[in-house]
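Next come the chains, spelled out residue by residue.
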Amino acid sequence: MAWNFKFKHISIKGQIRLTMIIMSLATVLLGIISLYGLNHLQQEWERLADHSKHRTRPTAQIATQILQCRRYEKDMFLNLLDIPRFESYLNKWNQKISQLSETLGDYSDHCSASNKIKEAERWLVDVNLYQNAVMTIVQQIKAKEIQTPQQANLAMMPQKHSVRSLILDSFITFNNNYLATQRITQHHAREMTFFKSILFILLPLLILGCTVAMINIPRRIVNPLKSLNLAATRLRDGDLNARVDTNLPNNELGKLGITFNEMAQQLQLHEVQLREACNAAESLNISKTRFLTNISHELRTPLTAILGYAECLHQPDMLDESAQVITRSGEHLLQIVNNLLQLTEIETTQFHVYGQQTQLMELIREVTQEIEPACINKQLQLILPQNMALEHDIYTDPLHLKGILEHLLNNAVKFTPQGSISIRCRESKQDQCFVIEIQDTGKGMTPIQIQRAGQLFEQGDDSLTRTHGGLGNGLALSKRILEYMEGQLSIQSKVDTGTCITLTLPFHAPNMPAAEKSPSPTTPLTTPHPSTTTTHPRVLIVDDTPDMLKLACSLLNRVDIKTDCAGNGQIAVDMAMRSQQLKQPYDLIIMDMQMPQLDGYQATRYLREHGYTHLIVAHTAHALNADRQKCLDAGCDDYIAKPIKPKQFIKYVQNYLKQTNTNAS
């Protein structure tokens, strides 16, 4: 385990080289073992060759002994008259014939092949016949029956052929065995030489290959890994330009290097995008900070006027002027709040537009009638379209389009000290759209100011010395709202020359949802329930603000409408349910939606769940589009956004009560 732990801490290059060294040693060891085996095999083959040669010796010995016997036989017959010499050669012949018999016996016993055994037995029979024949002749010589060598040779004549054949057979057998042994030995020697040559060639080649591999393989593996490690270290330390060398091998390491380079490139691209997003977010944050500062200024300025002139209401000579200033400042505050609400809806993607068929020229006339007093006050010429008859009605959101036109015309009046303001409208049948142009002769804008004016939280002039008030995001809001209406807004302007703002609206915006029939603020959205009272109508006003209760009750009491007040939702529920139990329900409940204890949503929902079917109208400062739907979903019959002008409020309630009495009659 300790060795394994240490081995894990060896570098990859060291591990590869150590592995190659072990493989080289194993190869050398295998070569040595092979050499030893070949040598051992050669020795075994040599032993077998010696054994084979030893097997050939008996046949040579048999042939030699037969020849010696024949020589002693001839010498004995040639000296048959010389008794001593005859006896001497006879003894030698007997010894050789005995040795020959023993040799044949041993040869027969040690033969493994059956044909060799039969051959040895035949030779032994021939030798016995030869011995018997010689002994018969010797006895005849001793008996004086044969007295000359010629007679002895003549008596041996029948056995000479068989002895001669025996000699030839033994020599032929010896020669064949010897040649076979020679061939086997030579074949084995050639094979041994061939194997040794191959081994002596392969072993150095293997050692050389292992050496080259030990040098080259670590370099081909470790060098790319080093390059990858270096690039990864640089990338970890923040260098997004880190890349792996492109001269990597075409294998897994090369593919890994390519993947690493692609990853580093993606990281670099994402880092650039993130930096741009951070810069944009920081710029937007700075813009929002300036925007909030401007909001504070724009809110505090009219509030200062309202509070200041409210103090002057006690002075009879300033009563009319104070009322006008308070009203004007309040309307300015309301415009700021409406802009902020629209901005909130756009930023939170809750802004919606609803289309309906609208007469564009009629809408333009309404807007110009509202702006005409301001032009007269500044002695500006207002140039209007002269009785232009448009062939198409426009399908758009008239409320938001009217707000855009009002804002653009107000801007034109604000930034035009002298000269004229003109409105032009035309149809483009080729592009299937209306084009509205608002041209003024004001101070104009620079290209940078035009660019800044198109951003929600930017202002064309955000300096502390700017001469005109406002949030400064009206153009950006108008542009965004116009895009919701599938239109476009473009600005062309030159400094000290004037500005031309072009609005392009399609004849029909296919993606704009159709609007529900939405009456004016003075007309109820639903049909009131019939009144159950025959005397003065009764209205329950629910609000947690005492000043609002007092104001609403005072306004309605002026027109002979009886009112009851409730300071929170729980009191309102109790009063409404009690009136229904007494069969004198309220003709109308004006419900504030944000209150303590029980809010307007919960109170309305409770009343509807317990069978209260008479009119309930939401009156709330929550003025987003989603807030209206939330009130209707809670069970309200209609929705009024705060603030509402006193005359509009009275007219709104009277219209409800009038329709109620009509239904009752």
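Shown above is the structure to which this text applies.
In this text the structure is predicted, and so the values were computed from the model without any measurement.

**Some thoughts on the overall build of the protein**
The helix and strand inventory of the protein stands at 16 helices and 12 strands. Taken over 665 residues, the protein has a buried fraction of 37%. Taking all contacts inside the protein whose residues are at least 6 apart in sequence as the whole, residues at least 24 apart take part in 72%. Per element, the accessible surface of the protein, about 39,100 Å² overall, is 56% carbon and sulfur.

**Details of empty space enclosed by the protein**
Vacant regions in the atomic arrangement are exposed by a probe of water-molecule size rolled over the atoms. Evaluated as defined, the whole model comprises three cavities of 30 Å³ or more. Roughly 40 Å³ of internal volume is contained in the largest cavity. Where the lining of the largest cavity is concerned, the elements lending two or more residues are β8 (538-542) and α12 (546-558). If you tally residues by element for the lining of the largest cavity, the top one is α12, at three residues. Classifying every residue of the lining of the largest cavity gives seven nonpolar, one polar and one charged.

**Thoughts on the nonpolar core**
If you look at the biggest cluster of nonpolar residues, it comprises 39 residues, and the most contacted ones within it are Leu-360, Leu-401, Leu-405, Leu-408, Ile-421, Met-485 and Leu-503. Here Leu-408 is in contact with Ile-438, Leu-475, Leu-489, Ile-501 and Leu-503, once residues within four sequence places are set aside. Counting residues in hydrophobic clusters, the runner-up holds 29 residues, among them Ile-97, Leu-100, Val-134 and Ala-152.

**Observations concerning the packing of aromatic side chains**
Given two aromatic rings, one states the distance between the centres and the angle between the planes to describe the pair. Across all of its chains, the model carries one aromatic pair by this definition. Ring centres 6.5 Å apart and planes at 35 degrees place the aromatic pair Tyr-72 and Tyr-89 in the tilted group. Here Tyr-72, found in helix α2 (residues 12-78), pairs with Tyr-89, found in helix α3 (residues 83-110); they are 17 residues apart in sequence, far enough to count as distant. In this structure, Tyr-72 and Tyr-89 share a single accessibility class: buried. Above the plane of the ring of Tyr-601 lies Lys-630, whose end atom (NZ or CZ) is 4.6 Å from the centre.

**Looking at unusual backbone geometry**
With a phi close to 70 degrees, Lys-144 is a non-glycine residue in the positive phi region. One can find Lys-144 in the loop between α4 (114-142) and α5 (149-236).

**Quick look at a nonpolar patch on the surface**
A cluster of nonpolar side chains, contributed by Phe-194, Phe-195, Ile-198, Ile-201, Leu-202, Leu-205, Leu-206, Leu-208 and Val-212, occupies part of the molecular surface with about 840 Å² of accessible area. You can see Leu-208 is positioned in helix α5.

**Section: the sheet that holds β8**
The strand order β9-β8-β10-β11-β12 describes an open sheet built from five strands, whose pairing is parallel. Lying at the two open borders of the sheet, with one neighbouring strand each, are β9 (562-566) and β12 (638-641). Geometrically, the sheet is characterised by an average inter-axis angle of 20 degrees between neighbouring strands, direction not taken into account. Sheet strands touched by helix α14 (residues 600-609): β10 (588-591) and β11 (616-620). Its angle to β10, the strand with the most contacts, is close to 150 degrees.

**What to know about α14**
Turning to α14, its buried residues are Gly-600, Tyr-601, Ala-603, Thr-604 and Leu-607. Taken down its axis, α14 places every buried residue within 165 degrees of arc, on the same side. Downstream of α14 by one or two residues, Gly-611 has phi in the positive range, about 90 degrees.

**As for the sheet that holds strand β4 (residues 420-428)**
Pairing is mixed in the open sheet, where five strands are placed in the order β2-β4-β5-β7-β6. Strands with a single pairing partner mark the edges of an open sheet, and in this sheet they are β2 (381-383) and β6 (488-494). Neighbour-to-neighbour, the strand axes of this sheet turn through a mean angle of 10 degrees, independent of strand direction. Relative to strand β7 (residues 498-506), β6 runs antiparallel, the two being bridged by seven bridges. Across the sheet, Ser-490 pairs through a bridge with Thr-502, a residue of β7.

What counts and how
Residues numbered from 1 in each chain as written. Predicted model: local features only at pLDDT ≥ 70, side-chain atom pairs only at ≥ 80, totals over all residues. Heavy atoms only, no water. Helix = DSSP H or I, 4+ residues; strand = E, 2+ residues; numbered from the N terminus. Buried < 20%, exposed > 50% of the residue type's maximum accessible area, 1.4 Å probe, protein only. Contact = heavy atoms within 4.5 Å. Areas by Shrake-Rupley, 256 points an atom, 1.4 Å probe, with all protein chains shown as cover. 1 Å grid on protein atoms, 1.4 Å probe; cavity = no way out; pocket = protein on both sides within 12 Å on 5 of 7 lines; lining within 4 Å. Points joined across faces, edges and corners; volume = space filled by probe spheres on them. Nonpolar A, V, L, I, M, F, W, Y, C, P; charged D, E, K, R; others polar. Core = buried A, V, L, I, M, F, W, Y, C linked by side-chain atoms within 4.5 Å. Phe/Tyr/Trp six-rings, centres within 6.5 Å; stacked < 30°, edge-to-face > 60°. Lys NZ or Arg CZ within 6 Å of the ring centre and 35° of its normal. Patch = residues over 30% accessible without salt bridge, like charges linked within 9 Å, V, L, I, M, F, W, Y side chains within 5 Å. Salt bridge = Lys/Arg side-chain N within 4 Å of Asp/Glu carboxyl O. Pairing = 2+ DSSP bridges. Axes fitted to C-alpha atoms, helices over the stretch in contact; angles between N-to-C directions. Arc of directions from axis to C-beta.

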